[in-house]
Amino acid sequence: METAINLCRAEESVKGTAKKYGLAYATLYRHVKSGVASPQLGRLRPVLTEDQETELVNYLKDMDAVFFGLTRDEFISLAFDYAHYNKLQYPESWSKNKKAGEDWLQRFLLRHTNLTLRTPESTSVARAKGFNRREVSHFYENLKSAIEKNNIEASRLYNMDETGISTTSNKPPKVLSVKGKRQVGMIASAERGQLTTVIGCCNAAGSFLPPFLIICKKEDATKTS
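Here's a quick rundown of the structure. Note that the structure is predicted; figures quoted are calculated from it, not measured. (Residues numbered from 1 in each chain as written. Predicted model: local features only at pLDDT ≥ 70, side-chain atom pairs only at ≥ 80, totals over all residues. Heavy atoms only, no water.)

Okay, the overall build of the protein next. In terms of helices and strands, the protein carries nine helices and seven strands. Evaluated residue by residue, the protein yields a buried proportion of 19% over its 225 residues. Here the protein displays about 17600 Å² of accessible surface, and carbon together with sulfur accounts for 55% of that area. (Helix = DSSP H or I, 4+ residues; strand = E, 2+ residues; numbered from the N terminus. Buried < 20%, exposed > 50% of the residue type's maximum accessible area, 1.4 Å probe, protein only. Areas by Shrake-Rupley, 256 points an atom, 1.4 Å probe, with all protein chains shown as cover.)

Put into structure tokens, the structure is as follows:
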């Protein structure tokens, strides 16, 4: 009896509020009953909650940090698997294509403006393993010790950098990464085609050596026959 009285009072309160502010009683009562106060446009409803989307964003950042950033196709496939595993309601086209729609991805990126599609730099496994805080700190500690021990002047301290030009197009696909990140990498299993290496070198005093190329040697036909 007490529960019925409380329901009647709640219903009268909703009617009074709807009349006072000129709102549709059925719409206001539905929101009060469901506990959802955020406005919805038409029949469209978000597939994922804010917390679930935040979980996907954090996963994207974690994968990008270890050089395994997700492409747009991989991510919308992941979104479908996530929704399917959690038994969420999603459009029939998701089930048909086994991935979320492109329109959902565009709205997702509009909601999370710190994410964008970027072209990564191919990175070998050896470089990814060696480029970490511990190894870099250890390198500079050894460098400082060698400079102080041997009294190396700036004009004798050179730095060399290289870049590779491949004979084949092996451009990695764009991946979802954080805006403003200085370098985006992706693990490459192996290099393809012939590689020409371009080297630049300068010392700490500001003097440059002429750049030079390292070209793949031509096989001797007499040795291979």
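From this point, the narrative continues.
This part is about the packing of helix α4 (residues 72-85) against helix α6 (residues 102-111). Relative orientation of the contacting elements α4 and α6 amounts to 95 degrees, with a least axis distance of 11 Å. Between α4 and α6, the angle falls in the class roughly perpendicular. Residues R72, D73, F75, I76 and A79 of α4 touch α6, and the partners they reach there are E102, W104, L105, Q106 and F108. Here the contact of α4 with α6 is built from residues that sort into six nonpolar, one polar and three charged. (Axes fitted to C-alpha atoms, helices over the stretch in contact; angles between N-to-C directions. Parallel < 35°, antiparallel > 145°, perpendicular 65-115°, else oblique. Contact = heavy atoms within 4.5 Å. Nonpolar A, V, L, I, M, F, W, Y, C, P; charged D, E, K, R; others polar.)

Turning our eyes to something else, we now look at the pairing of strand β6 (residues 195-203). Of the pairings in the sheet, the one linking β6 to strand β7 (residues 208-214) comprises five bridges and is antiparallel in character. By the bridge assignment, V198 is partnered in β7 with L213. Here β6 hands over to β7 after four residues, with G206 in that stretch at a positive phi of 100 degrees. (Pairing = 2+ DSSP bridges.)

Compared with an ideal rise of 1.5 Å per residue, which puts 16 residues at 22 Å, helix α3 (residues 50-65) spans 23 Å between its outermost C-alpha atoms and is within 8% of the ideal. In the segment just after α3, F67 is the residue with positive phi, at about 65 degrees. (Expected span 1.5 Å × (residues − 1).)

In this fold, T197 is placed in strand β6. If sequence neighbours within four positions are ignored, T197 has contacts with E162, T163, F212, L213 and I214.

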